Amino acid sequence: MIVEQSKQIIAEVNKAFIGRKDIVEKILMTIYAGGHVLLEDCPGVGKTTLAVAFSRALGLSNKRVQFTPDTLPSDITGFTMYSRETGRFEYREGAASCQLLLADEINRTSPKTQSALLEVMEEHTITVDGETHALPAPFICIATQNPLGSAGTQPLPQSQIDRFMVSLSIGYPTLENQMKIINAQRYSNPLEEIRAVTNAQNLLEVQNYLTSVRMTDGVLAYAIRLCEQTRSHPLVELGISPRGVSALVRMARAGAILRERNYVVPEDVQNVFVDVCAHRLALRPQARVEGVAAKQVLEEIMAKIKPAHAEE
């Protein structure tokens, strides 16, 4: 049932987002794992289209925020306002009060506004004027950002970067896919053709089922050893946190589900290791001087650390 539902979701998303099936699958895996997605790429490659397509195919209540330098924290969290009818202060919901939040160009706003998402993403609650409001379940944030160095951008704080389960890059489409994209947009907007093939209750059931996917102690130890190695690597200043280890394990379980298995193998961990961990690494200045990227460090670690069955 889960596999069939997943195929339907992917098929609906592909009506508007053509190419890079691997990216679509990994976003779906992140949603099954109860995490948040950061899409980082240059403008015009379909980041926003991909996020909107998922919101429609999943049948979730959704809101979108276009982050700008003058976006306020209250735009995200909501605020209290005095009501003359009741004579009391009443809470007015912000953009985060939904099941799927599209945070568009998140690195164009101020750090103060970015920090408004910290509680939202981690605890799925909003606290305004001392009163805590629970968000509807499931809650998913799909954020897009332009590469650092683009006009008007500033880096996200490490505490917020760590709250994104994966960071993905779409890249430019091939010639064949570009032709398909142009032809698909010729007479109508493909987003209008996407239908909801699931709902919030089904997604919650999948997220709950994820805990029953078996992972042996050997595979779990392998995932932990990979993350621990980043903490002692000479080119890494800040390695993978325990939150990152947990994200890696959940993503590996979600990957097993999409491959019609109820158990995790080391390849499931390897398949998502870079996506889960690359954005979490803080490299030393020496790495930048040598032109070494986080992805290269992680691939080096994977080549060095072998699963238990491969060491025997």
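It should be emphasised that the depicted structure is a prediction, and the values quoted were computed from it without experimental measurement.

Asks: Hey, could you go over the side chain of Q207 for me, with residue numbers and the actual values?
Replies: Of note, Q207 is situated in helix α9 (residues 200-209). For Q207, a relative accessible area of 18% gives the class buried.

Asks: Describe in detail the packing of aromatic side chains, supporting the description with residues and values.
Replies: Each aromatic ring pair is summarised here by two numbers: the centre-to-centre distance and the angle between the ring planes. Under the counting rule described, the total for this entry stands at 1 aromatic pair. Ring centres 5.4 Å apart and planes at 65° place the aromatic pair Y82 and F89 in the edge-to-face group. Relative accessible area serves as the criterion here: at 45%, Y82 is assigned to the partly exposed category. Among the residues examined, F89 registers a relative accessible area of 62% and is labelled exposed. Of note, R261 hangs over the ring of Y263, and the distance from its end group to the ring centre comes to 5.5 Å.

Asks: So what about the environment of A293? Which residues, and what values?
Replies: As for its placement among the helices and strands, A293 is situated in the loop between α13 (285-290) and α14 (294-304). Among the residues examined, A293 registers a relative accessible area of 36% and is labelled partly exposed. Remark: the alpha-carbon pair of A293 and L118, spanning 175 residues in sequence, is separated by 26 Å.

Asks: Account for the sheet that holds strand β5 (residues 100-104), with residues named and values stated.
Replies: One open sheet holds the 5 strands; their spatial order is β2-β5-β8-β1-β9, and the pairing between them is parallel. The open sheet is flanked by β2 (62-66) and β9 (166-168), the only strands paired with a single partner. Direction aside, neighbouring strands of the sheet carry axes that sit 15° apart on average. Summarising the sheet, strand β1 (residues 37-40) and strand β8 (residues 140-145) pair through 4 bridges and their orientation is parallel. Paired with V37 across the strands is I142, a residue of β8. Along the sheet face, helix α2 (residues 21-32) touches β1, β8 and β9 and points at about 160° away from the line of β9.

Asks: Got a sec to walk through helix α10 (residues 217-232)? Specific residues and values, please.
Replies: Here α10 is 16 residues long and its end C-alpha atoms lie 23 Å apart, about the 22 Å a rise of 1.5 Å per residue gives. Among all positions of α10, only V219, Y222, A223, L226, C227, Q229 and T230 are buried. Around the axis of α10, the buried residues are gathered within 150° of arc, so they sit on the same side. Looking at α10, the residues exposed on the side facing more than 90 degrees away from the buried face are D217 and S232. Contacts made by the buried residues of α10 are with β10 (236-238), α11 (242-258), α12 (266-277) and α14.

Asks: Explain α14 to me, using residue names and the numbers behind them.
Replies: By the burial criterion, the buried members of α14 are A294, V297, L298, I301 and M302. Seen along its axis, α14 keeps its buried residues to an arc of 135°; they face one direction. Opposite the buried face of α14, at more than 90 degrees from it, the exposed residues are A303 and K304. Looking at the buried residues of α14, the elements they touch are α10, β10, α12 and β11 (282-283).

What counts and what doesn't
- Residues numbered from 1 in each chain as written.
- Predicted model: local features only at pLDDT ≥ 70, side-chain atom pairs only at ≥ 80, totals over all residues.
- Heavy atoms only, no water.
- Helix = DSSP H or I, 4+ residues; strand = E, 2+ residues; numbered from the N terminus.
- Buried < 20%, exposed > 50% of the residue type's maximum accessible area, 1.4 Å probe, protein only.
- Phe/Tyr/Trp six-rings, centres within 6.5 Å; stacked < 30°, edge-to-face > 60°.
- Lys NZ or Arg CZ within 6 Å of the ring centre and 35° of its normal.
- Pairing = 2+ DSSP bridges.
- Axes fitted to C-alpha atoms, helices over the stretch in contact; angles between N-to-C directions.
- Contact = heavy atoms within 4.5 Å.
- Expected span 1.5 Å × (residues − 1).
- Arc of directions from axis to C-beta.

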